[in-house]
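Here's the letter readout for the chains.
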Amino acid sequence: MAEHADNVTAARRVSGGTRRSPEPLDPGEIKSVPVRHPGRWVGTVVVVVLIAVLVKSLLTNPNYEWDVVGKYFTNESILRGGLLTLELTAVSMAVGILLGIILAVMRGSPNPILSYAAGVYIWFFRGTPLLVQLLFWFNLSALYPELTLGIPFGPQFVDVDANALITPLVAAFLGLALNEGAYMAEIVRAGIVSVQPGQHQAAASLGMTRMQTMRRIVLPQAMRVIIPPTGNQTIAMLKTTSLVSVLAIAELLYSAQIIYSRTFQTIPLLLVASIWYLIATSLLTIVQTRIERRFAPDTYEPGEPFLGRLRGNLVWLRPRAAQDATKGDEHR
Amino acid sequence: MSPEPLVRAEQIHKRYARNEVLKGVDLTVSEGQVLCIVGPSGSGKSTFLRCINHLEQIHQGRLWVNGSLVGYRQVGDKLHELPDREVCRQRAEIGMVFQDFNLFSHFTALENVMAGPTLVRKEPRAKAAAYARELLERVGLADKLDSYPRRLSGGQQQRVAIARALAMRPKLMLFDEPTSALDPELVGEVLDVMRQLARDGMTMIVVTHEMGFAREVGDELVFMDDGVIVESGPPKELLTNPREARTQSFLSKVL
């Protein structure tokens, strides 16, 4: 206490403006009373109670049929469906990214026809529901019974039956990839726009062509902006592939549906599918974080781990010295 | 005795939408000459510089660098725009240094200097790297080869930018206010490099606010205002005895 008083007078002397060398303040760590957050405590209690209720029902409600979940978790057709889901995701994203880059470059082209064409494409594919697009591709043969390859308005070389070419799987790939292209185009464009115009000029002044500038200078720098949302798109795509179950394609969801339509164990099979989706999206999230860190190594800052933050919030778990300081202050 | 000048500009006009920024600029630069352009901001001096390597298109007049028309080919009395590839070949002969350095941020200093030779001239990497090292040494950055631009000071970045332009072995160097974005204590190191370059006989056009540099290094000084050249002559004469009222008023503000 006496020491404390000394510090105060020292501080007064300094603020009073006298330039006599003040006694040094206690250089130790600041021991202050944290601000109380009663609202957070109420919220915490509510959340903890809700979690407890949920956990109890998960463990005790027999309708979850966890034994059935376990039985079908590694069922062969479920695994094959999961694999097809991954394939759909990978191919649609790869084609979508490529398409997105082409569309984004077209969109920025000085040629108004190219720019508008890309704009209309993006407008159409973002403006109509993916489910409608999938059904559309599936029923393409109703619109064009025969597909031909040849010179437009000129001679035709190959004729194919649309029904034979556009199998449900092809319709699924078309629908997912073309739709994804529209979203990726906007993401890539945002990345390109984020690169300073001076970079284009510097590249041009060295004699680089537009293509070289785009490929070697602009796109690599745009990656920082492009990669995070692309990761999100990939994760979203993984889940979106479940939409193609309406085309009777045996991906993960439809594989589960086939089984429960036979056994009527709807809930446990939906759980099987959900758990696999969760596993896949979690893995993708880890990959995404890694890639982001690689492309922006100096901007990545790790967050404080969950337990550390928890400990920081609970005053009674703090080290003894801090506790004593808190108590002392409260008594005054 | 005068041979064909390296740069010859005749009646250059340039406008953005309806705003005319160059209103008939005539100018010649001979080989080995250092020409400094000064003038108030908005006078068109940077725009003119960017016309010389066709970063900006001119609307009237003719511009020759090293004997060939910039950006166009003359067939009869008609001008044909040059294809992208040809424009690029012309630009490769002209080095340019920007106010904001514009280093490629995803490349190291060495890779920045190698970018032109490897990507444009398709030189083997080893050869380009050797020359890049030599150039970076010449601008005093031998110890910064592997540094990324954001780890370098402004002065260091600008010296890398000069080395990057020199790596193309240009016949002409354009400097667009190379020291304007620098902290005062970093200006000297960049000017030193430019001074050395002038001494080595490089033909240079320098848009600048550094009157001291213009006086000391420049062979000729041009004062531009409102899209025209108001006055030009030997720097010492022009700086001490400006004839035109506009030049006098500008110099009284900056000297």
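Residues numbered from 1 in each chain as written. Chains lettered and ligands numbered in written order. Predicted model: local features only at pLDDT ≥ 70, side-chain atom pairs only at ≥ 80, totals over all residues. Heavy atoms only, no water.

## A closer look at the overall build of chain B
Here is the rule we go by: Secondary structure elements are taken from DSSP: a helix is a run of H or I of four residues or more, a strand is a run of E of two residues or more, and numbering for both begins at the N terminus. The quantity called the radius of gyration is restricted to C-alpha atoms. Its globule counterpart is 2.2 Å times the number of residues to the power 0.38. Residue burial is assigned from relative accessible area. The probe radius is 1.4 Å, only protein chains are included, and a residue is buried under 20% of its type maximum, exposed over 50%, and partly exposed in between. Any pair of residues with heavy atoms lying within 4.5 Å of one another is described as a contacting pair.
Tallying secondary structure elements over chain B gives nine helices and twelve strands in all. On C-alpha atoms alone, chain B measures out to a radius of gyration of 18 Å, which is about the 18 Å that the 2.2 N^0.38 rule sets for 255 residues. Principal axes of the C-alpha set define a box for chain B whose edges measure 50 × 50 × 40 Å. In chain B, which comprises 255 residues, the share counted as buried stands at 56%. Sequence separation of 24 or more characterises 63% of the internal contacts of chain B that already satisfy a separation of 6 or more.

## A closer look at the overall build of chain A
The test is simple: Only the protein chains shown count as cover for residues, with accessible areas throughout obtained via the Shrake-Rupley method and a probe of 1.4 Å.
Each helix and strand in chain A was counted, giving 15 helices and two strands. Counted over contacts in chain A with a minimum sequence separation of 6, partners at least 24 positions apart contribute 71%. Accessible surface, chain A as shown: approximately 21300 Å² in total, 66% of it carbon and sulfur.

## Here's the deal with the nonpolar core
All names here are of chain B. Applicable threshold: Only buried Ala, Val, Leu, Ile, Met, Phe, Trp, Tyr and Cys residues count toward a nonpolar core, and they belong to the same one when joined by side-chain atoms within 4.5 Å.
With 52 residues, the main nonpolar core has Leu-136, Ile-162, Met-173, Phe-175, Met-194 and Met-204 as its most contacted residues. With eight residues, helix H6 (residues 184-199) is the single largest residue contributor to this core. Not counting residues up to four positions away in its chain, the partners in contact with Leu-136 are Ala-109, Leu-110, Val-113, Leu-141, Ala-142, Leu-145, Val-160 and Ala-163.

## Focus: the pattern of salt bridges
All names here are of chain B. As a reminder of what qualifies: Here, a salt bridge means any Lys or Arg side-chain nitrogen found within 4 Å of an Asp or Glu carboxyl oxygen.
Evaluated as defined, the whole model comprises 17 salt bridges over all chains. Two residues, Glu-93 and Lys-171, come together in a salt bridge whose shortest N-O distance is 2.8 Å. Here the residue Glu-93 occupies a position in the loop between helix H2 (84-92) and strand S8 (94-97), and Lys-171 occupies one in the loop between helix H5 (154-166) and strand S9 (172-176), the gap between them amounting to 78 residues. Glu-93 sits in the partly exposed class, given a relative accessible area of 31%.

## Looking at the sheet that holds strand S11 (residues 220-225) of chain B
All names here are of chain B. What counts here: By definition, two strands form a pair when at least two bridges between them are found by DSSP. Interaxial angle, 0 to 180 degrees, is taken between N-to-C directions of lines fitted to C-alpha atoms, where a helix line uses only the stretch in contact.
One open sheet accounts for six strands, arranged S8-S9-S10-S3-S11-S12; its pairing is mixed. The sheet is open, and its two edges are formed by S8 and strand S12 (228-233), each paired on a single side. Pairwise comparison of adjacent strand axes, ignoring direction, gives a mean angle of 20° for this sheet. Two elements, S9 and strand S10 (residues 203-207), share five bridges in a ladder whose sense is parallel. Its bridge partner lying in S10, Leu-172 is registered against Thr-203. Lying over the sheet, H6 contacts strand S3 (34-38), S9 and S10, oriented at roughly 145° with respect to S10.

## A short note on the packing of helix H5 (residues 112-127) of chain A against helix H9 (residues 168-194) of chain A
Helices that pack against each other are described as a pair by the angle of their axes relative to one another and the distance between those axes. All names here are of chain A. The test is simple: Here roughly perpendicular refers to angles of 65 to 115 degrees, roughly parallel to angles under 35, roughly antiparallel to angles over 145, and oblique to all remaining angles. For any helix crossing, the convention is left-handed if the near helix is rotated counterclockwise from the far helix by under a right angle, and right-handed if that rotation is clockwise. In this count, Pro and Cys sit with the nonpolar residues alongside Ala, Val, Leu, Ile, Met, Phe, Trp and Tyr, while Asp, Glu, Lys and Arg are called charged and the others, Gly among them, polar.
Where H5 meets H9, the closest approach of the two axes is 9 Å, and the angle between their N-to-C directions is 120°. One finds that H5 runs oblique with respect to H9. Where H5 crosses over H9, the two elements pack in a sense that is left-handed. Note on element contacts: H9 touches H5 through Leu-178, Asn-179, Ala-182, Tyr-183, Ala-185 and Glu-186, opposite Tyr-121, Ile-122, Phe-125 and Arg-126. Looking at side-chain class alone, the contact of H5 with H9 contains seven nonpolar, one polar and two charged residues.

## Considerations on unusual backbone geometry
Despite not being glycine, A:Glu65 shows a phi value in the positive range, around 50°. With respect to the helices and strands, the residue A:Glu65 is situated in the loop between helix H2 (38-60) and helix H3 (66-73). Phi at B:Phe101 takes a positive value of approximately 65°, unusual for a residue other than glycine. Secondary-structure assignment places B:Phe101 in the loop between S8 and helix H3 (109-120).

## Quick notes on the interface of chain B and chain A
Stated precisely, the cut-off is as follows: When two parts are put together, the accessible area they lose, computed with a 1.4 Å probe and summed over both, is reported as buried area. N or O atoms closer than or at 3.5 Å make up a polar contact, with two conditions inside protein: a donor-capable atom paired with an acceptor-capable one, and, for residues adjacent in sequence, both atoms drawn from side chains.
With 26 residues of chain B at the contact, the number on the chain A side is 19 residues. A buried area of about 1900 Å², summed over both sides, lies between chain B and chain A, and 58% of it is on carbon and sulfur atoms. Taken as a group, B:Phe104, B:His106 and B:Leu119 account for 29% of the area that chain B buries against chain A, more than any other trio of residues on that side. If you look at where chain B meets chain A, you find zero salt bridges. Across the chain B-chain A interface, the total number found is seven residue pairs in polar contact (both at pLDDT 80 or more).

## Some points on H5(A)
Residues and elements named next belong to chain A. Applicable threshold: A helix is expected to span 1.5 Å multiplied by its residue count minus one. The directions considered for the arc are those from the helix axis to the C-beta atoms.
Taking 1.5 Å per residue, 16 residues should reach 22 Å; H5 reaches 22 Å between its end C-alpha atoms and fits that length. Every buried residue of H5 is accounted for by Ser-115, Ala-118, Gly-119, Tyr-121, Ile-122 and Phe-125. All buried residues of H5 lie within an arc of 160° about the axis, which places them on one face of the element. Those residues of H5 that are exposed and angled more than 90 degrees off the buried face are Ile-113, Tyr-116, Trp-123 and Gly-127. Its buried side turned inward, H5 meets helix H4 (76-107), helix H6 (130-138) and H9. Where H5 starts, the residue carrying a side-chain oxygen 2.9 Å from the main-chain nitrogen of Ile-113 turns out to be Asn-111.

## Thoughts on the sheet that holds strand S2 (residues 19-29) of chain B
The strands making up a sheet associate through backbone hydrogen bonding, with each pair oriented either parallel or antiparallel. All names here are of chain B. Read across the open sheet, the four strands follow the order S2-S1-S4-S5; overall the sheet is antiparallel. Two strands close off the open sheet at either side, each with one partner strand: S2 and strand S5 (68-69). As defined by bridge partners, strand S1 (residues 7-16) adjoins S2 across eight bridges and the pair is classed as antiparallel. By the bridge assignment for S2, Arg-15 is matched with Glu-20.

## Re the side chain of A:Thr85
All names here are of chain A. Of note, Thr-85 is situated in helix H4. Of the residues examined, Thr-85 reaches a relative accessible area of 2% and is grouped as buried. Within the local environment of Thr-85, its side chain forms a polar contact with the backbone nitrogen of Leu-252, the two atoms lying 3.0 Å apart.

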